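# Descriptive analysis of the structure
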Amino acid sequence: MSVFDHSEFDNHEHVAFYHDEAAGLSAIIAVHNTNLGPALGGCRMWPYVNSAEALTDVLRLSKGMTYKSAMANLKLGGGKSVIIGDPRKVKTPEMMTAMGKFVDSLGGKYFTAEDSGISVTDLKTMAQESDYIAGTKAHYHYAGETADGNPAPSTAYGVFVGVKASVEHALKSDLNGVRVAIQGMGHVGYRLAEHLHNAGAKLFVTDIYPEGVDRAVKELGATAVAPEEIYGLDVDVVAPCAMGASINDETLSTLKAKVIAGAANNQLAREEIGDVLQERGIVYAPDYVINAGGVIDIYHQRMESSSNEALRDHLEQIGDTLKEIFERADAEGRATNRVANVIAEERFKNKG
Ligand code: NAD
């Protein structure tokens, strides 16, 4: 298994491998770049088929965090950790304790947080071994409600701000009467639907499970749509809030919306899809810019002193950042995802 010449290596600063036989832990921490500050990125536990697959995933994800934090105006770098194993079958408190020791061994260069397969309970176990565990404390809520540690409310508010900025740019309008199709009525998608409804948007929603859809129909006057129909609807905006790669050759062939702006990670099946969107005049809000509310939330919860208002102001900067990207993309005739990457690199390569 190669590391320095791995296709995803991309000048990572630090890649650490850890094995604790007694605890049954095999894990990797990747720190991509710390020019702007210590690396932050979640810990993912996944039944990788082998360590090569785990390495590819952790390198790709940690690089993505460098770009996300730079674009979210955070004094943070990018990192990620992965634990090899099925969380439903082999996860134990002893394993989480060992993971806490592993994170601690990097001396604060890397902070971990929640990701797939890792719960707040797991993080609290890790936190007994290390101060570098984020996502275990909750003090602030952007709207002054009780904070429970779930970053989804901040993510959803950031996405809402981003949808508003995207619509203003593409349609020169506010959200009143704008037709929005949302894929995924989960933690973020449902909350986004509430914000959009309150702003006067007309909603079309889908999910593979009925609960969130039924609730949106009943409480937000949304129209329920079959999952396979959501991207071909005659709407102004589509908001991917389910899984990755949902903007692909198939969905592009039926897409009518003028704006794509949602919470899901890795929305474009390939970077080149962004070029097609630009050629077709579709405004795409780069996923890691519009969905940065979660990482902004974690940052504020860990600050010595912040406030609900400071968190809210920071989330609202997502709209300004998107406007900067859209204007530069128009001026340069380039895709928004490519412009976002360039701006992020300008920020972290020049230390802000
Ligand atoms: P979630 O699991 O609560 O919700 C996702 C929803 O999508 C679920 O209800 C699921 O049933 C539905 N879904 C899955 N496949 C679908 C399909 N083919 N068609 C329609 N619906 C489908 O997750 P979430 O926390 O709401 O996150 C949504 C997306 O946003 C994910 O891609 C996540 O990685 C990303 N994201 C979330 C956060 C956060 O703070 N939660 C932060 C950044 C990015």
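Keep in mind the model is a prediction, meaning the values are calculated, not measured.

One way to put it is that helix H11 (residues 293-302) packs onto helix H12 (residues 308-332) with a least axis distance of 10 Å and a crossing angle of 155 degrees. What the angle tells us is that H11 and H12 run roughly antiparallel. Relative to H12, the crossing made by H11 is right-handed. Touching Gly 293, Ile 296, Asp 297 and His 300 of H11 are Ala 310, Leu 311, His 314, Leu 315 and Ile 318, all from H12. Taken together, the residues that form the contact of H11 with H12 break down as five nonpolar, three polar and one charged.

In the region of the ligand, 18 residues are neighbours, and Thr 155, His 187, Val 188, Asp 207 and Ala 242 sit closest. Here an oxygen atom of the ligand and a backbone polar atom of Ala 263 are 3.2 Å apart. At 3.0 Å, a side-chain N or O of Asn 265 approaches an oxygen atom of the ligand. When the ligand sits alone it has 820 Å² of accessible area, and the protein chains cover 72% of it. Only helix H5 (152-171) and helix H6 (187-198) provide two or more residues apiece to the shell around the ligand.

We now examine the sheet that holds strand E12 (residues 283-284). With parallel pairing, six strands are arranged side by side in an open sheet as E9-E8-E7-E10-E11-E12. In this open sheet, the two edge strands, each paired with only one partner strand, are strand E9 (223-224) and E12. Sheet strands in contact with H6 are strand E7 (179-183), strand E8 (202-206) and strand E10 (237-240), and its direction is about 170 degrees off that of E7.

Attention now moves to the pattern of salt bridges. Here the structure, examined in full by the defined rule, presents 20 salt bridges. Asp 86 is the salt-bridge partner of Arg 88, the closest N and O atoms lying 3.6 Å from each other. On the basis of relative accessible area, Asp 86 is assigned to the buried category, the value being 12%. Salt-bridge contacts for Asp 234 lead to Arg 179; the nearest nitrogen and oxygen are separated by 3.8 Å. Here the residue Asp 234 occupies a position in the loop between E9 and E10, and Arg 179 occupies one in strand E7, the gap between them amounting to 55 residues. We classify Asp 234 as exposed; its relative accessible area is 54%. On the accessibility criterion, Arg 179 (26% relative accessible area) is partly exposed.

We now examine helix H1 (residues 51-71). The end-to-end C-alpha distance of H1 is 31 Å, a good match for the 30 Å that 21 residues give at a rise of 1.5 Å each. Put simply, Asn 50 is the residue that caps the front of H1, since its side-chain oxygen is 3.2 Å from the backbone nitrogen of Ala 52. Downstream of H1 by a residue or two, Asn 73 has a phi angle that is positive, lying close to 55 degrees.

Per the stated rule, a full pass over the model turns up seven aromatic pairs. Ring centres of Tyr 142 and Tyr 157 lie 4.4 Å apart, and the angle between their planes is 10 degrees; this geometry places the pair in the stacked category. On the criterion of sequence distance, the pair formed by Tyr 142 in the loop between helix H4 (120-127) and H5 and Tyr 157 in helix H5 is long-range, its members being 15 residues apart. Neither residue differs from the other here; Tyr 142 and Tyr 157 are each classed as buried. By way of ring pairs, the aromatic residues Tyr 67, Tyr 288 and Phe 348 are connected into one cluster.

Let's shift gears to the UniProt feature "active site" (unreviewed entry) in the chain. Following the UniProt record, the feature "active site" (unreviewed entry) maps to Lys 80 here. Inspection of the secondary structure puts Lys 80 in strand E5 (residues 77-84). Residue classification places Lys 80 among the buried residues on the basis of a relative accessible area of 6%. Excluding residues within four positions of it along the chain, Lys 80 makes contact with Ile 28, Ile 29, Ala 30, Gly 41, Gly 42, Val 58, Leu 61, Ser 62, Met 65, Tyr 110 and Asp 115.

Turning next to the nonpolar core. Ranked by size, the top nonpolar core spans 66 residues in total, and within it Val 163, Val 180, Ile 182, Leu 192, Leu 196 and Leu 203 carry the most contacts. Residues lining this core come from more than one domain, with at least three contributed by each of domain 1 (3-67 + 77-127) and domain 2 (152-348). Residues within four places of Leu 203 in sequence aside, it is in contact with Val 180, Ile 182, Ala 193, Leu 196, His 197, Leu 220, Ala 222 and Thr 223. One finds Ala 27, Met 95, Met 96 and Leu 106 within the second-largest nonpolar core, a separate group that totals 22 residues.

Each value, and the rule that gives it
- Residues numbered from 1 in each chain as written.
- Predicted model: local features only at pLDDT ≥ 70, side-chain atom pairs only at ≥ 80, totals over all residues.
- Heavy atoms only, no water.
- Axes fitted to C-alpha atoms, helices over the stretch in contact; angles between N-to-C directions.
- Helix = DSSP H or I, 4+ residues; strand = E, 2+ residues; numbered from the N terminus.
- Parallel < 35°, antiparallel > 145°, perpendicular 65-115°, else oblique.
- Left-handed = near helix turned anticlockwise from the far one by under 90°.
- Contact = heavy atoms within 4.5 Å.
- Nonpolar A, V, L, I, M, F, W, Y, C, P; charged D, E, K, R; others polar.
- Near = heavy atom within 4 Å.
- Polar contact = N/O pair within 3.5 Å; in protein donor to acceptor, adjacent residues only side chain to side chain.
- Areas by Shrake-Rupley, 256 points an atom, 1.4 Å probe, with all protein chains shown as cover.
- Pairing = 2+ DSSP bridges.
- Salt bridge = Lys/Arg side-chain N within 4 Å of Asp/Glu carboxyl O.
- Buried < 20%, exposed > 50% of the residue type's maximum accessible area, 1.4 Å probe, protein only.
- Expected span 1.5 Å × (residues − 1).
- Phe/Tyr/Trp six-rings, centres within 6.5 Å; stacked < 30°, edge-to-face > 60°.
- UniProt positions renumbered as here; feature names shortened; annotations may be inferred.
- Core = buried A, V, L, I, M, F, W, Y, C linked by side-chain atoms within 4.5 Å.
- Domains from an automatic or database assignment.

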